[in-house]
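What the coordinates show
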Amino acid sequence: MHKINVLIFGSKNFNTSLEELKDFFIFRLSYNSVYSEKNLFKDYDILLVHEDYFDSDKIKKKEFLSKNDKIKILISNTSDDLANLFQEKLSLPFAIKDLNKIVEDSFAKKNFNQNSSIKIKDYILDKNEKKLIKDKAHIFLTEKEIQLLELLLLNKCSVNKDKILKKVWNYADDADTHTVETHIYRLRKKIKNKFFDESFILNDKEGYLLWKKEIN
């Protein structure tokens, strides 16, 4: 069974051509000839758009696509203002293997980016680039700092030093609770100096946490 769901926007002839070849694709095809609200497309991974789709209502369709966060691939021979709406472009005519490849690569790339980018409060933790980002500013993080933030993110309650030592340092011979304290102090300082944020990592008598506990 195909794991990638692709929604096609194209002319009747284009859609018919793809339908005839569907047994050779690595993805599942569905068709839509009109633009609509983006939440109707939550079950689809990729929007594959033929240039003929813009023959009418071009402005409205461009506006719809610009607001849609799905992977968008353009099938076209033109190089006009449509290109900036799409992550990828495939020129006509194309081979089946080329369409399969661009769909598979685009899907894999988005999954990788999602797994490597984590939202923490008003920040983005980019594990691939080893950055903590807010707006247009960023700081670089060490591997241990990334592991520490991931651990705190996974726990809604306080995490004590011993647990941090076990999960992040795996009880290394050269690590103790002072190692944890030192790393958190340095990370807090980096965040404060760059983002002027003194409450990114909180602490209480039980350990460290990212969010204040709710009072019932």
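Everything numeric in this text was worked out from a predicted model, so none of it was measured. (Residues numbered from 1 in each chain as written. Predicted model: local features only at pLDDT ≥ 70, side-chain atom pairs only at ≥ 80, totals over all residues. Heavy atoms only, no water.)

Brief notes about the sheet that holds strand 7 (residues 123–126)
If you trace the four strands from one edge of the open sheet to the other, you get 6-7-8-9, paired in antiparallel fashion. The open sheet has two edge strands, strand 6 (117–120) and strand 9 (137–140), and neither has a second partner. Looking at each pair of strands side by side, their axes are set apart by 25° on average, direction ignored. By the bridge criterion, four bridges tie strand 8 (residues 131–134) to strand 9 in an arrangement that is antiparallel. Across the sheet, residue Lys131 finds its bridge partner in strand 9, namely Phe140. Packed on one face of the sheet, helix 4 (residues 143–154) meets strand 6, strand 7 and strand 9 and runs near 55° to strand 6. The sheet strands contacting helix 6 (residues 177–195) are strand 7, strand 8 and strand 9, and the helix crosses strand 9 at an angle near 155°. (Pairing = 2+ DSSP bridges. Helix = DSSP H or I, 4+ residues; strand = E, 2+ residues; numbered from the N terminus. Axes fitted to C-alpha atoms, helices over the stretch in contact; angles between N-to-C directions. Contact = heavy atoms within 4.5 Å.)

A word on the nonpolar core
Leu132, Ile164, Phe200 and Ile201 are the most contacted members of the largest nonpolar core, which totals 28 residues. For this core, the secondary structure elements donating two or more residues are strand 6, strand 7, helix 4, helix 5 (161–168) and helix 6. At six residues, helix 4 tops the list of elements feeding residues into this core. In terms of nonpolar packing, the next biggest core, distinct from the first, is built from 18 residues, Val6, Phe27, Leu48 and Ile71 among them. (Core = buried A, V, L, I, M, F, W, Y, C linked by side-chain atoms within 4.5 Å. Buried < 20%, exposed > 50% of the residue type's maximum accessible area, 1.4 Å probe, protein only.)

Looking at the environment of Leu141
Mapped onto the elements, Leu141 comes out in the loop between strand 9 and helix 4. Along the chain, Leu141 and Asp126 lie 15 residues apart, while their C-alpha atoms are 9.4 Å from each other.

Here we look at the sheet that holds strand 2 (residues 28–31)
Taken in spatial order, the five strands make up an open sheet running 2-1-3-4-5, and their pairing is parallel. In this open sheet, the two edge strands, each paired with only one partner strand, are strand 2 and strand 5 (88–90). Averaged over all pairs of adjacent strands, the angle between strand axes in this sheet comes to 25°, irrespective of strand direction. Lying on the sheet, helix 1 (residues 12–20) is in contact with strand 1 (5–9), strand 2, strand 3 (46–50) and strand 4 (71–75); it crosses strand 2 at an angle near 155°.

Points about the side chain of Asp197
For Asp197, the location among the structural elements is in the loop between helix 6 and strand 10 (202–204). One buried charged residue, Asp197, forms no salt bridge at all, with the nearest opposite charge on Lys134 at 5.2 Å. Here Ser199 takes part through its backbone nitrogen, which lies 2.9 Å from a polar atom of the side chain of Asp197. Reaching out from Asp197, the side chain makes a polar contact with the backbone nitrogen of Phe200 at a distance of 3.3 Å. Here Asp197 is in contact with Tyr123, Ile191 and Lys192, once residues within four sequence places are set aside. (Lys, Arg positive; Asp, Glu negative; His and termini not counted. Salt bridge = Lys/Arg side-chain N within 4 Å of Asp/Glu carboxyl O. Polar contact = N/O pair within 3.5 Å; in protein donor to acceptor, adjacent residues only side chain to side chain.)

Focus: the pattern of salt bridges
In total, this model carries eight salt bridges according to the counting rule given. Across the pair Glu198 and Lys192 runs a salt bridge whose closest N-O atoms are separated by 4.0 Å. For Lys192, a relative accessible area of 40% translates into the label partly exposed.

Comments concerning helix 4
In this model helix 4 runs 17 Å from its N-terminal to its C-terminal C-alpha over 12 residues, within 8% of the 16 Å that 1.5 Å per residue would give. For helix 4, the complete set of buried residues consists of Glu145, Ile146, Leu148, Leu149, Leu151, Leu152 and Leu153. Close packing links the buried residues of helix 4 with strand 6, strand 7, strand 9, helix 5, helix 6 and strand 11 (207–209). (Expected span 1.5 Å × (residues − 1).)

Notes on the packing of helix 5 against helix 6
Geometry of a packed helix pair, given as the angle between the helix axes and the separation of the axes. Remark: helix 5 packs on helix 6, axes separated minimally by 9 Å, with the N-to-C direction vectors making an angle of 90°. Between helix 5 and helix 6, the crossing angle belongs to the class labelled roughly perpendicular. Of helix 6, the residues touching helix 5 (which contributes Lys161, Asp162, Ile164 and Leu165) are Thr177, Val180, Glu181 and Ile184. Residue composition of the contact of helix 5 with helix 6, by class: four nonpolar, one polar and three charged. (Parallel < 35°, antiparallel > 145°, perpendicular 65-115°, else oblique. Nonpolar A, V, L, I, M, F, W, Y, C, P; charged D, E, K, R; others polar.)

Looking at helix 1
For helix 1, the full list of buried residues reads Phe14, Asn15 and Leu18. Mapping the buried residues of helix 1 onto a view down its axis gives an arc of 95°, with all of them on the same face. Facing away from the buried side of helix 1, by more than 90 degrees, are the exposed residues Lys12, Asn13 and Glu20. (Arc of directions from axis to C-beta.)

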